[in-house]
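Structural overview
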Number of protein chains: 2
Amino acid sequence: MAAVPEPGPPGELFLSEVREQPQAILRLLEHEKDFAAVAQALAERAPTAIRLVGHGTSDSAATYGTYAFGLLPGWTALRDTISLTVYYGATFDLSSSAVIALSQSGRTPDVVEYVARTRKRGALTVALTNDPDSELAAAAEATIPLSAGPERSVAASKTYMNEVAALALLAGGAAGRGKKLADGIRGVAELMAGAVGPLEQAVSAPAMAFTYVGRMYVIGRGLEFATAREVALKLTETCRVAAEPLTATDLAHGPVAALDSLFPVWTIASHDESLPAVVDGAARVRKAGATLVASGPAAAEIEDAAYRLPVPSPPLPILSPLLSVVPGQLFAAALARAKGLDPDHPEGLSKVTLAR
Amino acid sequence: MAAVPEPGPPGELFLSEVREQPQAILRLLEHEKDFAAVAQALAERAPTAIRLVGHGTSDSAATYGTYAFGLLPGWTALRDTISLTVYYGATFDLSSSAVIALSQSGRTPDVVEYVARTRKRGALTVALTNDPDSELAAAAEATIPLSAGPERSVAASKTYMNEVAALALLAGGAAGRGKKLADGIRGVAELMAGAVGPLEQAVSAPAMAFTYVGRMYVIGRGLEFATAREVALKLTETCRVAAEPLTATDLAHGPVAALDSLFPVWTIASHDESLPAVVDGAARVRKAGATLVASGPAAAEIEDAAYRLPVPSPPLPILSPLLSVVPGQLFAAALARAKGLDPDHPEGLSKVTLAR
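A quick note: this is a predicted structure, and the numbers were derived from the prediction, not measured. (Residues numbered from 1 in each chain as written. Chains lettered and ligands numbered in written order. Predicted model: local features only at pLDDT ≥ 70, side-chain atom pairs only at ≥ 80, totals over all residues. Heavy atoms only, no water.)

Some details on helix 11 (residues 224-239) of chain B
Residue and element names in this part refer to chain B. End to end, helix 11 covers 22 Å across 16 residues, agreeing with the expected 22 Å (1.5 Å per residue, within 8%). Extensive coverage of helix 11 is indicated by the burial of 16 of its 16 residues. Positive phi appears at Arg 240, one or two residues downstream of helix 11, with a value of about 55 degrees. (Helix = DSSP H or I, 4+ residues; strand = E, 2+ residues; numbered from the N terminus. Expected span 1.5 Å × (residues − 1). Buried < 20%, exposed > 50% of the residue type's maximum accessible area, 1.4 Å probe, protein only.)

Topic: the sheet that holds strand 1 (residues 49-53) of chain B
Residue and element names in this part refer to chain B. A sheet is described by the order of its strands in space; here five strands give the open sequence 2-1-3-4-5, paired in parallel fashion. Sheet topology places strand 2 (77-79) and strand 5 (142-145) at the edges, where each strand pairs with a single neighbour. Sheet twist, expressed as the mean angle between neighbouring strand axes with direction ignored, is 20 degrees. Across three bridges, strand 1 lies against strand 2 in parallel orientation. What sits directly across from Leu 52, in strand 2, is Arg 79. Those strands touched by helix 4 (residues 57-71) are strand 1, strand 2 and strand 3 (97-103), and its axis lies near 165 degrees from that of strand 2. (Pairing = 2+ DSSP bridges. Axes fitted to C-alpha atoms, helices over the stretch in contact; angles between N-to-C directions. Contact = heavy atoms within 4.5 Å.)

What about the interface of chain A and chain B?
On the side of chain B, 66 residues touch chain A, which itself brings 66 residues to the contact. Both sides together, the interface formed by chain A and chain B hides about 5300 Å², and carbon and sulfur atoms give 57% of it. A salt bridge links Arg 221 of chain B to Asp 110 of chain A, with the nearest nitrogen and oxygen atoms 3.5 Å apart. There are 22 residue pairs in polar contact (both at pLDDT 80 or more) connecting chain A and chain B. (Buried area = accessible area lost by both parts, 1.4 Å probe. Salt bridge = Lys/Arg side-chain N within 4 Å of Asp/Glu carboxyl O. Polar contact = N/O pair within 3.5 Å; in protein donor to acceptor, adjacent residues only side chain to side chain.)

As for the environment of Val 218 of chain B
Within the secondary structure, Val 218 of chain B is located in strand 6 (residues 215-220). Setting aside anything within four residues of it in sequence, one finds Val 218 of chain B in contact with Ala 228, Val 231, Ala 232, Leu 235, Ala 243, Glu 244, Pro 245, Leu 246, Trp 266 and Ile 268 of chain B.

Description of the pairing of strand 1 (residues 49-53) of chain A
All names here are of chain A. In terms of burial, strand 1 is a largely internal element, five of the five residues being buried. Of the two faces of strand 1, both are covered, the one formed by Ala 49, Arg 51 and Val 53 as well as the one formed by Ile 50 and Leu 52. The pairing of strand 1 with strand 3 (residues 97-103) spans five bridges and is parallel. Note that in strand 3 the partner of Ala 49 across the bridge is Ser 97. In the classification by handedness, the crossover that spans strand 1, the intervening helix 4 (residues 57-71) and the parallel strand 2 (residues 77-79) is right-handed. (Right-handed = clockwise from strand over helix to strand, strands pointing away.)

And the structure:
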């Protein structure tokens, strides 16, 4: 029987798992052949739709998937509405669909049920889970282990990282560029290993300043909208901040009206075609009198940011979200500590969520 | 030249437009033949994907569209990621796609651009807009006027109502049930006309109690997730509340950890297959010590709600969101008044949003 470790200080598990992410990614890459095989099966299906499903962190990663499949093989990918299939029994033609189901535990009930039903109705079903012996793995036609290793903090980090990397590998493989993506991800792991330490230092100033903040927006556009969703989720579950993810454009269509000096905004800026929209959005935020945090490889492009948390530029622009999420994770860890909260065990949550 | 009316008290325009919604719906139904023709064109395309695009209120309505098309003709519909096409130049095969673009003004730049590009690449493009002379109408192959009439409040209400009704008519027509849906919507208009007055009375108690609330969740599942998104948007833009829409299931995957007695939750409950998930979610909210508001036709099923704002049951369950949104709109109007804010002219917003 394995020895049960003594419980450490609050947030220790979460922080140690954030730090471990470069190694977690490298573990995933040991399964490069599995990814290539599943990517080929996907390509043979020539899917008219990639249907991504997951909740919480896995749903943030699914957002990344819609971009990765859209940009690499040029396929339509959607975060499917689980309730249509699981509750309402909608009768889609799934013969040219592929399903990618994401779940850390592989036990999320409606995700398992969704996979069982769509597989029966003709979809090619793929599971990405940390537990290859889970119900989800049993329900799906193909399973690739996320290989994040045991995640003991209730607030997830390395699971998200490996889900995003896994989706990049599958989409790259489907486009005949699996090797190039794998090499890029290897490069990202190295850059991340060098960036974590300095970022841990850098987040302490905004974490102190934001100790009494109750609400935030997290703004990204394009690929980085996935990052915005995941950072907002971390802030909500570990720091009890009402943090809402928004695209830079949606900000202007209503939510900007709620901003004031007590309502700061976290922005994620990358060097790609969506950057001007994020720069515009940030200007709108400043005009409303709100404090700005700028993160991401293009953090320097955001004018008048009170805090900047840049990350290195990835070898391929499409891999930017792997690096951009790290400042948000580390900030959540630091803010939780400043507020006396425990991200390892947020109130009302457990590691495996069995909510229907 | 038309006389310019004297400005009334703050929020008068918004409230009068909420009250006018039953008539707005009836105006839309005058175009039943246009809807039937476009629905037939959609059916002839036999689309593998209905791609819905819009921002703000129009994006909330698009969420309804994913359910309406999924449940009525059984088609896959998605809220497409505009940035993939407009910023990144993704090269989707659009030969079997149809696009439905939603915009009150018909001038939202990236929506207009999206329609121009997807039309050029082979998609069947349909515009739903209040302005049949707009750029959006010019860009699309087919346009159906929303017929909401002039909407002078910056915060939209009847535009949302008519967008949802229009999507129900199109999805119903595509399923060969256009007439049945039109009759159902006529019935809804009548029920709504009778419900608005009593609801205006009923929302005043929670509006007083919530005057100093800074953050809320709005919970729906299935069809009512569209309602949750629209109610959250109204609260954010008219009342400066950080209101986040969540499915009942996603609540359990993280956000529930942020709840406490200062963080109330608005629930939307309808008599359909998703109700048990909403009832479960509400129980989780109460356990976290948060105040519950229950709205929708099945408001009575939510236990321990501090406030109940039921609406009549619609003739067809799929039309429930048309009625369920009304308590949220009226509550937003009342809460804005209690806070001394003006929903007709929220700070930082204008009626036509030209943000890219």
